[in-house]
Each structure stands twice: as C-alpha cells, then as structure tokens.
Amino acid sequence: MRQEPRLRRNGVGARRPRHEDERHLHGRGKFVADLDLPGVQEVAFLRSQVAHGRLLAVTKPEGIDESRIWTAEDLAPFALPLTATSTLPGFRAAPLPNLAEGKVRYVGEPVALAMAGSRAEAEDLAALIDVDIEALPAAVHIENLTDPDSPRVHDEWPDNIFATTQGTVGDVDVAAAEAAVSITREYKLNRQAVVPLETRAVAAHYDRNIDQLVVWSSTQTPHMLRDMLAELLNIEGRRLRVIAPDMGGGFGAKCSIYPEEVALAAIALQVTHPVRWIEDRWEAMVATTQARDHAYRITAHASADGRLLGVEADIRVNAGAYSVHPWTATMDASMSAAMIPGPYLLENYRFTTHSLASNKAPLGPYRGVARPGACFAIERTIDDLAHELGLEPWEMRVRNMVTPDLMPFTSIARKVYDSGNYPEAVRRATQLMDHDEWRRRQADRPVSGRRRLGIGYASFTEQTAHGCIEWASRGLAITIGKEGARLVLDSTGAFTLYVGIKSHGQGLETTLGQVISEVFDIDPASVTVIHGDTALTPRGDGTFASRSMVMAGGASFGAASQLAEKVLAIGADLLKVDASTLSFTDGKVVGETGGISLSQLAREFLFTPDHVPNVDGGLEATYFYQPEVQTGAFTYATHAAVVEVDLDTGEVDLLDYGVVEDCGTVVNPLIVDGQIIGGVAQGLGSALLEELVYDDDGQPKSTSFLDYLLPGPVEVPELKIEHMETPSPYTVFGMKGAGEGGAIAPPAAVANAVTDALREFGALINETPVTPERVWQALQVADRERNDA
Amino acid sequence: MLTELGDDAKILAGGQSLLPIMNLRLAEPAHLVDISRVGDLMGADEDTTSVTLGAAITHQAIEDGLVPDPCLGLLTTAAAGIGYRAIRCRGTVGGSLAHADSAAEWPTVLTAIGADVTVRSAQDERTVPLRGFFHGFFTTSLESDELITAVHLPRFAKSTRWALEKTNRKEGEFGESMAVAIVSEGSASIWLGAAKDVPVNLAHVETLLADHPADQVPALGEVRDRVAADLDLSVPELDLAQRHRLQIHAVTVHRALSRALSPEVPA
Amino acid sequence: MSTVTVKVNVNGTPRTIEVESRTSLADLLRDRVRLTGTHLGCEQGVCGSCTVLMDGLPVRSCLTLAASCDGAEVVTVEGLDDADAHRLRQHFSTEGALQCGFCTSGMLVTGYELVRRRTEMDRDQVACALAGNICRCTGYNGIIRAVQKANDDGMAVDDLT
C-alpha cells in the first residue's frame, strides 16, 4: 500500500501548528493528577531505603484503619507479580514483585502503601509503617557485577547474569591480520534517568454499575497495560478499561508495566472509592525505569586507505534488579549488538553481550534505547581509527558507508536498510557546519592559549517502526507490530479518528489529522483524534520505538482509504455518475458535472440509507497496518558538534550543533524539527550533564534536579537542521520514524569533538557524561602517559 | 514567640531553601514564623558611609535596583545570579544568611564586603560582623530565639574594583566554586564560597596580591598554590577528583582576580 | 494539623479559603480552586512548571505556602489574558514551543513577566531569563524564539496596560 504524498495543501508535508496547543496554552490539558475523582484516596508508597536487604518484617501501626495500608501479604491474593521473560536461550527470569517480598533489591523498591484523603496525609500514614530490613552488601557497579565474590541480586542464581549472547559474521581474525591499524578502546555510558516532566501517575476506580475497572495511567501503552492487568488480576479484559489522558512526556519511561499500576488496579477492585498515586520527583529518580549504564570494549581493524575491515565488540549492560515487561533485561544489549555496525559496510563482526543484574532500579527503554551506546562505541572508534590513519574523521565515514546504489541493503546484523544516501548526509553536515572554517580557526589558536576548539561528527541509522519478526528476534514474548485505526464520518460530515496508538506529547492529533486530510482534502483541525482509551479505540501497541507516525499513520491512511472508497460509491449513487470520475476537494465529493458536500452526503446516507441502496451500511472503516518489511524503516543522520574546551578546568562549551537527517517523507516539518531538537537536547544531556550516581552501597546520590542536571535553555544552542527526504519504499507515504534519532548521536558527536580539541595532548574522551572533571582527568592521564613514555 | 517555641520553630523568610527540604520531609518544623511580610524588615536606609537593608528584602528587589547598592553593582550582580527569578522573587537576603549555605551568594559576597547583621531576640539586639558569623554547614552564631533583622553594608570607595565569579555546570545552579575579589587602594578582600562549610578568606592569595606588582594578575599556578594553602590542602595527597576541585577553585579565583585587576575590563 | 484561613485573589476573583497550614500555594490552586493548569514537576523549585504570578512577580507555587499568600493577588496560566499573553500563545504555537504541554504553563507565566518588563533582549538574555524552567520535549529553541518574538512585539506596539 504505497501512496505518493503531497497531494493536499494541509495534508502530508504541511507545516502546521498543532491542534493540541490550544488546550495546553490555556492550562486546560488534563493529566492524571488533574482528574476530578470524587472520593479519591491518594496513595503514598513506602519504599526501600536500602539497595539490597532481607525484608524481615513490615508492621502496620496500631489503631489505624487497616484498609488504608497495604503490604505484600495484603495484595498477594489479588495480584500476581509480573515476570518479564525472554525467549533467548539461557535467559534467567525473576518475578518483579508488586510489593517487595523476602528481599529488597534497589533503593526505591515499593514495600507497602498507604492511602488517605490527601497525599500529605497518606505520607504521614506511610511513615508510621515499620519496616525491618537487614541490609546486605550490594552489587552496584557494572565493573564488579560478574566478580566471583559479588553479592548476588537473586539468591537462586549462580551469578548476576540475566543472559549472554554472542554472534559472529565473517572472520574478524582474518580482518585483523590484514589490517594496517588495529585499535582497542573501552567506553562507558553512565546511567541516566529518563525524566518526563510529568512523573508517572495512576488512578483506578471500579465502576460497580457497569462492572468495569477503569485505570487511568500516564502510559505510552494503554492496550498493553490493559492486557497485562487482566492477566495479573485474573479478570477478563472486557471488565478493564485503561485510559491514558494527556501525558507530560514519556520517552520510554512510561512503556513498561509497573508494580504501582498493578497494585492500584488490584486495590481499586477491593475498595469503594477511587485510588490515585502521583509519583513524586524522588520516586521518579529512583523507581522509574532508568537507562544506559553500558560498558564497551571495542577492537577495530582498518586498512591503510581507511576501510573498516572488522569490529569486535564486548558489550555489558547493567540492567538493574529486574527484567521489565515486555522489553526484558536484554533489550539494550541485543539492540546495541545489532546497531554497532551502524551505517557502515562491515563484513567481519564478532560480538558478545552480557546483560547483568544489579541492585539498581530496573533498566527500561529510553529514547534511542541502546543506540546512543552503540553509536558512541562505533563512532568514537571511527574517529580514533581516522586519527591513526591521518584521515579526516568525516572522510573515514564517507569511505565506509553503505552507498545509495546498494539500497535496499541487508546489514551484517540482518537489518534491511531501506533507502537513503548515507555518505551525502556526512558531506552535507561538513558544509552545514562550515567544517574548513572551523579547522582554520582551530589551527589559528595559539599553542600557549588555554582554550581549544574541536569539531566532531557522529552518524547512525535509526531503526524505526519495526514489526513482529524484529521483536521476536530480540526474545520478546510479546511481538509487537500492528496498529489499528477506525475512521468514522458522522451525520454532520465531520471525522473522528480512533487510534490504538497513544500520543504522549508528540502531536499525533495533528499529524494523523493531516493523514485524513491527505485523503479527503479537509481541514486537519476538523478531525477529532481519539487516542489512549482501550474502550474506544481499536487495538494498538503504543508509542515507542519511533513507530507512531509510521504505524498509526499507516493505519489511519488505510482506514481513510477504505472509507473514501465507500464515500465515493455513495457520491456516485447520489450524483448518478461513475465513482471513478469523482474525487475529494475541499470537503466535497466532486465530479465533472457537480458535487456534494461531505455533510450533505453523510446526512443523506445515514438518515435515509434507502436512498443509497447499493452501498452497505455504516460510514466507518477500521484498518490494521504493519509495514512491508519487519526490520523497520531506517532513518539516518549525521550530527556535528563544535566545542571549545578549557584546558584548565575541563569545561566544554558547545559552540554549534548541526543535524543532517533523513526520516523519509516529512509529515509536518514543525513537528519533525521539534522531535529532532528535543531529541538532541536530551542527547546533549546524556553527553554533558546527566548522570545517576550510585555509591558503593547502591545509594542513589542524584535524586533531585539539584544534583541531576537537565539541559536548560542556556545549555541547548539554536540547532542547524537540514533534511534529506528519501521515502521508504516499504511504508505508507514513505514515512520513517523520527522520534528517537535526535537523542542517539549527541554523546558520540560531543565526545568526538572534545577528543578532537585535545588531539595534541592525546586525551581520549571515552565516557559520558563528558563532565569537566572527566575531561580534566583525561588530560592529566594523557599527560602522565606522555611523561612516562 | 521564638522564645516560646524554641527549637520546634523555624523562621520562614521566603522559604526558597526551607520549603524544598520540607517538601522532601527532611525538615518537619512544628511551627513556622513567616517574616517575609513584616514591614520593619523590608525597608532600606542609607547614609554617607553605609546602607542598611531589611532582612526580608528579596533578591529580586536588589536585582532590580529597588534598594540602594553601595557596592558599585556587586550587590545587584550577586542578586541576579541567585537561582532563578521566581526563586529571587521570594528568597530574602536575611533568609539566605541564616540558612548559611556557603555555596549560596550572600554568605560569601556579604562576608567579603565586610557586612554586619543586626540580630534581635525578644529581649535583646546585637550587631554581629558576618566574618565570624558562620560556624559550619547551616549553622551560625544565631541563637534559637534570634532572627536577623538587617544587614549593614559599607559603601565602597569610588576607586574600588570588584569581581564575582561563579563556576557551575548549568545556568542558575549553585556554584561549584564562587570567588569574590574586592580590590581598593592597597588592600584586597578575597573570599571563596562552596569550598568549605563556611566562606573562606583567601589570606594567602591576598598576600600574594600585596607582594605582586599592582595591576598584574598572578599566574594560575601561583594562585592554585595559595588557594590550596588557604583551604589547608596538601596537594600531593589529593586524588585526581580532589585535585580537580582545587583546580576549579583556583581557576575561579584567578578569573575573579583577572577581572578585578584588569583596568580595561569594567567589573 | 492546624489550619489557616487565607484571603487570596486568584485571577481576579477574591477567595477566602481555609487550608491546612502546610498547604502550598500550588495545592491550594489545584485542589481547592480547581485550577489545574499549574503543574507540579519537582516540588523543589527547580523545574518551574508551577510558576505563577504573585503580586505581579513570578514565584514557585510549590515553594510558597498558601498561608504566606494572605492578601496577595495570584495569577495563573488560566488567568493570563491580555495582548502580551495572546502574542505569547500565538508565537508558542507557531514556533513549536510546546509538545506535551506540561511545562508550558510555567513557561508562559515566566515569559509573560519577562515581556511585561519591556526590556530589549537578545537570544542569550532570553535563554538566561528562562533558565529556571525545564522543558524535556522541545529542546527550548522554539520557546526562546517565541518569547523573544513576543518581547519584540511588546516593545514595538507599546501597549503595556
């Protein structure tokens, strides 16, 4: 089902302000915390303050209404724990408790909960619960998790390994033997918080009148949540309705099934009032799924003319205490292994991955998932190889990239790169940044000065909108891959689009409206887009993996096309002409001799169907969509950063940042640019600022915005963005996903730029975030090594 | 009232430091005495040699020049550097001094200026120089029944040059280092914040300056050695992380000196 | 838990509300006046989502006790309603200054007070002035442009009332 876009002025490709804006600009958005739920009891969780310990006793205070406090024992009869297992061989699963039992395994793990008329009172009550924990030594840092004497997170396991995978393509040893230069590097991306500005939030109420449990959650995956809650609560799905209202971002933090969601849903069935939990920021920093925490050892081989001959990768991921559903604890490691070959023509590749358990919060998806790590590993390596060979790093990239004549190209990791011109993106990035000018300025800097300039690039391919087979290949028990849409034309001639996808802030109410406009040539703002309600929308898996526009856009287009066919048939009947002579223009069905407005047509058809006897009833269509190729549509980009580094302090000033990217057909440039800039801002956070520090006891040390630094308006420069638009041959309109790309390259681009600035000293920047302390220390270490040499 | 309530009471003088701690339940005072709208604490007085600012004057009032700045713009600059505007609109100069965070602007800046505070209890009133007022992390010479009512600032001579340098990783955040240099004919007052639990007088750096040709900035290495001495650090015993922290302080001080001593660059 | 009675004018409407002493202005606005446009993102004064105007100046409603607002005039995002507010909203929408909308209320209130100062500002100055507000979605480029444009507009038309 291919469709050339750009037929309509307000359809695909139109730069349009968003329909969502009006309510938010007046403070009328409705987030879970804003819902008016009469009689609601607010919930406060009591959480473990130790990273690892035996839970000896949880004692309720005397003289308090027992029903206001729930322990694991109270909850157990009503809710099962969720075990996120994997089909990967040797995977070790452990149930994720709804409330801790036996042991606590990370600071922030929920142990009990209390409820009261206000959150403050609930916290007062929770503080009265007595928790007796015998602290145990904690397994914390990625370097130590496989030590033989490391504490074990799960007593019944022989070690802390969720799973190990390996793979070999070609022969890296032969490549090594042929290589003119081989280098080995170790890289580390420290742990991050995801930080949607709206924290997680759940409310639940059992409506006895209609025997329906309604769960409101700030979730990216309402249908998936409904399915899992039905299983864990052991009730039929028909009795469960999940509603995700306005969401203050998610970025991956809100697409796993959480114990708090299960607990509140289960409790709501047992009480007569609604219950609600609004995560506070401390909880969000310790108990929401976290990200990164990767360590790499890369050995790469290149020929004298700069061809990348082979890569060996050892990938370690500190996945935290539990495997989360549906992603599992191997999500990052397996994705990283597949993405390290990046946009390159690589023939020899060998990898090993270890997904490790620790006494940290569980790792979950975060914008880019493992790709920022994979990109960092390969792109830092490319730069250092280029340096060894005396090549410009951008030139080394161009020489090794998959070229357009090879498209579609099946990568060494068996992913189908669908379309595009990867080397051209690099060349354009050098022009966008005025590369030669920066090189000149760099050379002009006096050696005696204390500030250095550097320019760095990072290229990547961004797998988006992947289908069932891809998820299955990663060991997921649930193989996500289809999205549904239902389009209804009502008697007033207005459209309502019901989609299984959830917009968590990215503007799907606008872009999906544009898809409908593409078919019917109507004002996209006149389409009501209903999303995030399992009772109203056809099934969909949710918003993640840069899939929403491709998948829900494809589904919406499918539904619109089917409905269009029907509307034209009705038009033909009413106008007494052949349907093939009719088309949609400006809200009307028009032919050579005349036309009829959609409202007249709908009224006629719905109120007096007997006037149109040849067309089946109903003015609606439902369509489920998946792209033709299931390894996804591959967006790609080259990012470039220009930095100034202070040799005395290690401070890095970001002077310029540019992106040349190709996400196929752009549906709304305003929104796509917003995705890119927002993604880059988060990526710059990864690159320069954000780090969840844990001490040796597993105590998180950065649990507020005072010590977990997020990029602010001053830290993000005005971006330079250039689009290439190569449609995907496999998706509707040729769209590719654009949600995550921005966040993938900044750590690598910035680290390459800083390393470039420090080449004369030989200091390598191999760890994120690139803090002044790390830069300064790298300089000291390089200095010492030179003196020793 | 404070005498009656004793340790159970906290004075709320804007609350921009206290409320975050209370929201985290790290402080749960039984009583809060809000002084942020006490008229007596919101006034400013000046004469030829000094200015007196009421303790409840907000950072924003200073930032916006609604009260006199006898320090040739140092107060305005310091105020504008505190957190964010919405914080500055509630936070007060007296509250900041009583909170006594050495990484905050007022303790270090006002100590460097040589300001005094008036401290009052139900029975008594006394004037305390800020040099000596800060005892440690969040502790001062204030008794539990006392509150700061005013800050007294000497007027700078017209020829005085000053610089306030803050090094932080993100705009508006607390400084990892904060140096104040006030240089006038033949004397220098150089103080460092965020390095120890209280603002530190950099006496060795002051001596270095006195021994140095006027208007010439000492080299960073020299400054670093003196800062280390002022912080009682033995450089060879420091690990890399500690050495970096020292380095940040040294650079911050050096930047402040460069600005304060350079005749071309207005402070 | 002790209570206090607060007389406070919210968006032009005088109100007398009895609250627990520990109640923040944010909770008073959200729970008692049911104005939920003021959002809580951190409750530590850092994220800026809860920023409201108190007697014309921006404050963190999470770090302001309701009891401290007796006699005050408070304006929330719902109450921003003049030419400056209109221009801000317009530019926010066309510049891509919002995505999820959670930080937007605080951004608008902060930006509003900024443009009402009628001071010429370049990009860096606008960025610094907004540094107390965190947006996790947009990367700020659009927000800064929008506020700068609204500021330029305000300077040009000079319709401060």
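Think of each chain on its own: its residues are numbered from 1, step by step along the sequence as written. Both sets of labels track the order of writing: A upward for chains, 1 upward for ligands. Totals for whole chains, interfaces and linings use every residue, but because this is a predicted model, local features are given only for residues with pLDDT of at least 70 and side-chain atom pairs only at 80 or more, for both listing and counting. No hydrogens and no water enter the side-chain calculation; it runs on all heavy atoms of the structure.

Colleague: Pulling in residues and values, what's your account of the overall build of chain A?
Modeller: Secondary structure follows DSSP: runs of H or I at least 4 residues long count as helices, runs of E at least 2 residues long count as strands, and numbering of each begins at the N terminus. Of the regular secondary structure elements, chain A holds 20 helices and 29 strands. Taken over C-alpha atoms, the radius of gyration is set against a globule rule of 2.2 Å times the number of residues to the power 0.38. The C-alpha radius of gyration computed for chain A amounts to 27 Å, which stays within 12% of the reference 28 Å derived for 789 residues, consistent with globular compactness. Buried positions account for 67% of the 789 residues belonging to chain A. Contact criterion: two residues are considered in contact whenever any of their non-hydrogen atoms come within 4.5 Å of each other. For chain A, the share of sequence-separated contacts (at least 6 apart) that also reach a separation of at least 24 residues comes to 80%. Shrake-Rupley sampling with a 1.4 Å probe provides the accessible areas, and residues are treated as covered by the protein chains on show and by no other component. Accessible surface, chain A as shown: approximately 25,400 Å² in total, 49% of it carbon and sulfur. Asp and Glu are treated as the negative residues and Lys and Arg as the positive ones, with His and the ends of the chain left uncounted. A charge is said to be at NZ when it belongs to Lys, at CZ for Arg, at CG for Asp and at CD for Glu. Each charge class in chain A can be summarised by its mean position, and for the 70 positive and 108 negative side chains these summaries are 2 Å apart. Using a 1.4 Å probe on the protein chains alone, a residue whose accessible area is under 20% of its type maximum counts as buried, one over 50% counts as exposed, and one in between counts as partly exposed.

Colleague: Give a detailed account of the overall build of chain C, specifying residues and quantitative values.
Modeller: Of regular secondary structure, chain C possesses 5 helices and 5 strands. Compactness check: chain C gives a C-alpha radius of gyration of 16 Å against a globular reference of 15 Å for 161 residues, within 12% of the reference. Along the longest, intermediate and shortest principal axes, the C-alpha atoms of chain C span 50 × 35 × 20 Å. Every one of the 161 residues in chain C was classed for burial, and the buried ones make up 62%. Within chain C, contacts between residues at least 6 apart in sequence are counted, and of these 59% link residues at least 24 apart. In the form shown here, chain C has an accessible surface area of approximately 5,300 Å², with 47% of it arising from carbon and sulfur atoms. For chain C, the centre of its 16 positive side-chain charges and the centre of its 21 negative side-chain charges are spaced 5 Å apart.

Colleague: Provide a residue-level description of the confidence of the model for chain C, including the pertinent values.
Modeller: Mean pLDDT for chain C: 96, with 99% of residues reaching 70 or above. Among the scores for the predicted complex, ipTM is 0.98 and pTM is 0.97. A residue's pLDDT is the predictor's confidence in that residue, given on a scale from 0 to 100.

Colleague: Which residues make up helix α9 (residues 371–389) of chain A, and what values do they have?
Modeller: Between the first and last C-alpha of α9(A) there are 26 Å, a value that for 19 residues agrees with the 27 Å anticipated at 1.5 Å per step. The element α9(A) is largely enclosed, with a buried count of 16 among its 19 residues. Any helix carries an expected span of 1.5 Å times its number of residues minus one.

Colleague: Kindly report on the environment of A:Arg445, identifying the contributing residues and their values.
Modeller: Residue and element names in this part refer to chain A. With respect to the helices, strands and loops of the structure, arginine 445 is situated in the loop between α12 (435–444) and β18 (451–464). Take arginine 445: its relative accessible area is 28%, and that puts it in the partly exposed class. Discounting residues that sit within four places of it in the chain, arginine 445 has contacts with Arg451, Arg452, Leu453 and Glu644. Here a polar contact is taken to be a pair of N or O atoms separated by no more than 3.5 Å, where protein atoms must pair a possible hydrogen donor with a possible acceptor and residues adjacent in sequence count only if both atoms sit in side chains. Among the polar contacts listed, one links the side chain of arginine 445 to the side chain of glutamate 644, at a separation of 2.6 Å.

Colleague: So, the pairing of strand β2 (residues 31–34) of chain B: which residues are in play, and what are the values?
Modeller: All names here are of chain B. Any two strands are treated as partners once DSSP identifies two or more bridges connecting them. Pairing geometry for strand β1 (residues 9–12) and β2, over 4 bridges, is parallel. Considered in β2, the bridge of leucine 12 is made with aspartate 34. Each parallel crossover has a hand, and for β1 linked through helix α2 (residues 18–23) to β2 it is right-handed. Think of it like this: strands point away, you trace from the first strand over the helix to the second, and a clockwise trace means the crossover is right-handed.

Colleague: Tell me about the interface of chain A and chain C, residues and numbers included.
Modeller: Each side of the interface is counted separately: chain A has 51 residues, and chain C has 46 residues. What counts as buried area is the accessible surface, traced by a 1.4 Å probe, that two parts surrender upon association, with contributions from both included. Summed over both partners, the interface of chain A with chain C comes to about 3,800 Å²; 54% of that surface belongs to carbon and sulfur atoms. Considering only the side of chain A, the residues that lose the most area to chain C are A:Leu25, A:Leu197 and A:Pro713, jointly responsible for 21% of the buried surface there. Salt-bridge detection follows one rule: a side-chain nitrogen of Lys or Arg within 4 Å of a carboxyl oxygen of Asp or Glu. In this assembly, chain A and chain C are joined by 6 salt bridges.

Colleague: Explain the sheet that holds strand β6 (residues 125–129) of chain B residue by residue, including any values.
Modeller: Residues and elements named next belong to chain B. With antiparallel pairing, 5 strands are arranged side by side in an open sheet as β3-β4-β9-β5-β6. Single-partner strands in this sheet number two, and they are β3 (44–46) and β6. Averaged over all pairs of adjacent strands, the angle between their axes in this sheet comes to 20 degrees, without regard to strand direction. Taken together, the 5 bridges between strand β5 (residues 116–120) and β6 define a ladder with antiparallel strand orientation. Each axis is a line fitted through C-alpha atoms, and for a helix only the stretch in contact is used; angles between axes span 0 to 180 degrees, taken between their N-to-C directions.

Colleague: Before we move on, could you go through the pattern of salt bridges and cite the residues and values that matter?
Modeller: Think of it this way: side chains of opposite charge can pair up when their charged atoms draw near. All names here are of chain A. Tallied over the entire structure, the rule returns 95 salt bridges over all chains. Between glutamate 424 and arginine 428 there is a salt bridge, and its shortest N-O distance comes to 3.1 Å. You can see glutamate 424 and its partner arginine 428 sitting in helix α11 (residues 422–433), 4 residues apart, about one turn around the helix.

Colleague: Help me get a handle on the domain arrangement of chain A, residues and values and all.
Modeller: Residue and element names in this part refer to chain A. Each assigned domain of chain A is listed here: domain 1 (21–27 + 482–625), domain 2 (39–136 + 198–248 + 254–287) and domain 3 (368–468 + 631–788). Buried surface at the junction of domain 1 and domain 3, both sides included, amounts to about 1,300 Å², of which 70% is carbon and sulfur. It is Ala545, Ser546 and Val550 in domain 1 that bury the most area against domain 3; as a group they hold 37% of the surface buried on that side. For the interface between domain 1 and domain 3, the tally reads 0 salt bridges. At the boundary of domain 1 with domain 3, the tally comes to 7 residue pairs in polar contact (both at pLDDT 80 or more). Secondary structure elements with two or more residues in the side of domain 1 that touches domain 3: α14 (508–520) and α15 (548–575). In this classification, Asp, Glu, Lys and Arg are treated as charged, Ala, Val, Leu, Ile, Met, Phe, Trp, Tyr, Cys and Pro as nonpolar, and every other residue, Gly included, as polar. Per-class residue counts for the side of domain 1 that touches domain 3 are 7 nonpolar, 8 polar and 2 charged. In this document the domain limits rely on a domain assignment from an automatic tool or a database.

Colleague: Which residues make up the interface of chain B and chain A, and what are the values?
Modeller: Where interface size is given, it is often the accessible area lost as the parts come together that is meant. Across the contact, 15 residues belong to chain B and 24 residues belong to chain A. In this assembly, chain B packs against chain A so that about 1,800 Å² is buried in total across both faces, 56% of it on carbon and sulfur atoms. The class makeup of the residues in the side of chain B that touches chain A is 5 nonpolar, 3 polar and 7 charged.

Colleague: I'd like to hear about the pairing of strand β10 (residues 212–217) of chain A, residue by residue, with values.
Modeller: All names here are of chain A. The element β10 is largely enclosed, with a buried count of 6 among its 6 residues. By the alternation rule, side chains of β10 split into Gln212, Val214 and Trp216 and Leu213, Val215 and Ser217, which are all buried. For strand β9 (residues 201–207) and β10, the ladder comprises 6 bridges, and the chain directions are antiparallel. Bridge pairing in β10 links valine 202 to serine 217. Where β9 folds back onto β10 in an antiparallel hairpin, the turn is made up of 4 residues, including aspartate 211, whose phi is positive at roughly 50 degrees. When β10 meets strand β11 (residues 240–243), the two strands line up parallel, connected through 4 bridges. Residue pairing across strands places leucine 213 opposite leucine 240, the latter belonging to β11. On the question of chirality, the crossover connecting β10 to the parallel β11 by way of helix α5 (residues 222–233) is right-handed.

Colleague: Before we move on, could you go through the sheet that holds strand β2 (residues 13–20) of chain C and cite the residues and values that matter?
Modeller: All names here are of chain C. What the 5 strands build is an open sheet, ordered β2-β1-β5-β3-β4; its pairing is mixed. Looking at the sheet topology across the chains shown, the edges are occupied by β2 and β4 (57–60). Strand-to-strand twist of the sheet, defined as the mean angle between neighbouring strand axes without regard to direction, takes the value 40 degrees. Taken together, the 8 bridges between strand β1 (residues 3–10) and β2 define a ladder with antiparallel strand orientation. Across the sheet, threonine 3 pairs through a bridge with glutamate 20, a residue of β2. Taken strand by strand, helix α1 (residues 25–32) contacts β1, β2, β3 (51–54), β4 and β5 (73–75), and its axis lies near 110 degrees from that of β2.

Colleague: Before we move on, could you go through the nonpolar core and cite the residues and values that matter?
Modeller: Nonpolar side chains in soluble globular proteins generally cluster together in the buried interior. As used in this record, nonpolar core signifies buried Ala, Val, Leu, Ile, Met, Phe, Trp, Tyr and Cys residues forming a set joined through side-chain atoms within 4.5 Å. In terms of nonpolar packing, the biggest core is built from 190 residues, with A:Ile340, A:Phe705, A:Val754, A:Leu758 and C:Phe92 touching the most fellow members. In this structure A:Ile340 touches A:Tyr296, A:Ile298, A:Val311, A:Ala313, A:Ile315, A:Tyr349, A:Ala374, A:Ala377 and A:Ile378, once residues within four positions along its chain are discounted. Among the nonpolar cores identified, the runner-up in size contains 49 residues, and A:Val12, A:Leu489, A:Phe584 and A:Phe733 belong to it.

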